[in-house]
Amino acid sequence: MRALVTGGGRGIGAGIARALARDGWDVVVGARSREQVAAVAEEIGGQWVQVNVTDRGSVERAVFAALQRHAG
């Protein structure tokens, strides 16, 4: 299973990403700050996308990227 966790660079989002990864999920971590999400993704063996959830186009691109990475 695959999850896209927004706000995953810190706080609750990072905690959710970590918990899902521990449970065997393939996790894509997303947030506006590349540095934070990249660090969490590396820690859990996942991937990251930069996304701004207030921008529909940004969300669409992030979801598409997460799906493409899963298919690849």
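Our subject is the structure listed above.
Residues numbered from 1 in each chain as written. Predicted model: local features only at pLDDT ≥ 70, side-chain atom pairs only at ≥ 80, totals over all residues. Heavy atoms only, no water.

### Brief notes about the environment of Gln47
Argument step 1. Secondary-structure assignment places Gln47 in strand E3 (residues 47-50).
Argument step 2. Of the residues examined, Gln47 reaches a relative accessible area of 29% and is grouped as partly exposed.
Argument step 3. Residues Gln47 and Leu4, 43 residues apart in the sequence, show an inter-C-alpha distance of 9.4 Å.
Argument step 4. Side-chain polar atoms of Gln47 contact the side chain of Arg2, separated by 2.8 Å. (Helix = DSSP H or I, 4+ residues; strand = E, 2+ residues; numbered from the N terminus. Buried < 20%, exposed > 50% of the residue type's maximum accessible area, 1.4 Å probe, protein only. Polar contact = N/O pair within 3.5 Å; in protein donor to acceptor, adjacent residues only side chain to side chain.)

### A few points about the packing of helix H1 (residues 11-22) against helix H2 (residues 34-44)
Argument step 1. It is at 10 Å that the axes of H1 and H2 come closest, and there the two elements cross at 20°. When the axis of H1 is compared with that of H2, the two are roughly parallel. Like other packed secondary-structure pairs, H1 and H2 cross with a definite hand, here right-handed. Across the interface between the two elements, Ala14, Ala17, Arg18 and Ala21 of H1 pack against Val40, Glu43 and Ile44 of H2.
Argument step 2. By residue class, the composition of the contact of H1 with H2 is 5 nonpolar, no polar and 2 charged. (Axes fitted to C-alpha atoms, helices over the stretch in contact; angles between N-to-C directions. Parallel < 35°, antiparallel > 145°, perpendicular 65-115°, else oblique. Left-handed = near helix turned anticlockwise from the far one by under 90°. Contact = heavy atoms within 4.5 Å. Nonpolar A, V, L, I, M, F, W, Y, C, P; charged D, E, K, R; others polar.)

### Looking at a nonpolar patch on the surface
Argument step 1. Taken together, Leu4, Val63 and Leu67 make up a surface patch of nonpolar side chains, about 230 Å² in accessible area.
Argument step 2. Structurally, Leu67 is set in helix H3 (residues 56-71).
Argument step 3. A relative accessible area of 52% places Leu67 in the exposed class. (Patch = residues over 30% accessible without salt bridge, like charges linked within 9 Å, V, L, I, M, F, W, Y side chains within 5 Å. Areas by Shrake-Rupley, 256 points an atom, 1.4 Å probe, with all protein chains shown as cover. Salt bridge = Lys/Arg side-chain N within 4 Å of Asp/Glu carboxyl O.)

### Side note on the sheet that holds strand E1 (residues 2-6)
Within a sheet, neighbouring strands are paired by backbone hydrogen bonds and run either parallel or antiparallel to one another.
Argument step 1. Judged by pairing direction, the sheet is parallel, and its 3 strands sit side by side in the order E1-E2-E3 without closing on themselves. Because the sheet does not close on itself, it has two edges, and the strands there are E1 and E3. Between one strand axis and the next, the sheet turns through 25° on average, direction left out of account.
Argument step 2. In this fold H1 packs onto E1 and strand E2 (26-31), with an angle of close to 165° to the strand it touches most, E1. (Pairing = 2+ DSSP bridges.)

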